[in-house]
Amino acid sequence: MVKNVLLGAVLVAVLALSGCNNDEDTWEKWRPIKVEAEGIVLATSSSEFYTEGTAPAEGGNFTLIAYSDNGAGLSLSIDDTYVWRYSKWDEDNTTPIYSSDWGEATYMIDKDNTIEIKLKLNPNESSSEKVFDFQLSGAYELVYVKITQAAE
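My aim in this report is to walk through the structure given alongside it, one point at a time. (Residues numbered from 1 in each chain as written. Predicted model: local features only at pLDDT ≥ 70, side-chain atom pairs only at ≥ 80, totals over all residues. Heavy atoms only, no water.)

1. Examining the pairing of strand β5 (residues 60–67)
Remember that side chains alternate between the two faces of the sheet whenever the strand is regular. The following threshold applies: Between any two strands, pairing holds if DSSP finds at least two bridges. Every helix listed is a DSSP run of H or I at least four residues long, and every strand listed is a run of E at least two residues long, numbered separately from the N terminus.
Two strands pair when backbone bridges link them, and strand β2 (residues 34–38) and β5 are joined in this way by 5 bridges, in the antiparallel orientation. Bridge assignment links Val-35 to a residue of β5, and that residue is Ala-66. In this structure, β5 lies alongside strand β10 (residues 114–121), joined through 8 bridges in antiparallel fashion. Pairing of Asn-61 across the sheet is with Lys-120, part of β10.

2. A short note on the sheet that holds strand β9 (residues 103–109)
Where strands meet in a sheet, backbone hydrogen bonds hold them as pairs that are either parallel or antiparallel. Rules: Fitted lines through C-alpha atoms give the axes, limited to the stretch in contact for helices. The angle between two N-to-C directions lies from 0 to 180 degrees.
The 5 strands are arranged β2-β5-β10-β9-β8 in an open sheet whose pairing can be described as antiparallel. Since the sheet does not close on itself, it has two edges, and those belong to β2 and β8 (97–100), each with one partner. Across the sheet, the mean angle from the axis of one strand to that of its neighbour is 15°, orientation sign disregarded.

3. Some remarks on the pairing of strand β7 (residues 81–86)
Of the pairings in the sheet, the one linking strand β6 (residues 73–78) to β7 comprises 5 bridges and is antiparallel in character. Note that in β7 the partner of Leu-74 across the bridge is Tyr-86. Linking β6 to β7, which pair antiparallel, is a turn of 2 residues; within it Asp-79 sits at a positive phi near 50°.

4. Points about the packing of aromatic side chains
Stated formally: Pairing of aromatic side chains requires ring centres within 6.5 Å, counting the rings of Phe and Tyr and the six-membered ring of Trp. Pairs whose planes differ by under 30 degrees are stacked, by over 60 edge-to-face, and all others tilted.
Going through the model one piece at a time under the given rule, you end up with 3 aromatic pairs. Connected via pairs of aromatic rings, a cluster forms that spans Tyr-98, Trp-102 and Phe-132.

Purely spatial values, then, with no claim about function.
Quick look at the structure:
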């Protein structure tokens, strides 16, 4: 009996491991989402999955424009604190606007899967910079955008 149980466990393990395929790296499936900006300059990066820009301490209005094949969702962290997530597929989070003392972010997506994030940054009156981290993602699509607002 014990021999049959052990043999069965080994057979299950072999079958499970035979399904693993190391020939294709998971990241090879992912495509970067192309991002452009209005009102702010985004720096080019060695990674197509990452870009960043600097906003002035006095704030302002900026737009991030992303071109997605699958219509992306958005998450936003400010100073390493996760604050907001929006997805057109998420019935529990249907408010595409997030606002707080730092300003406001509005997420819009059109029929061609062009995503616009309109940012209104209030003046940063603190002595330290603020960091806004955006992650746009879709089905096997991803880009990280980091906006650093200078300190006054």
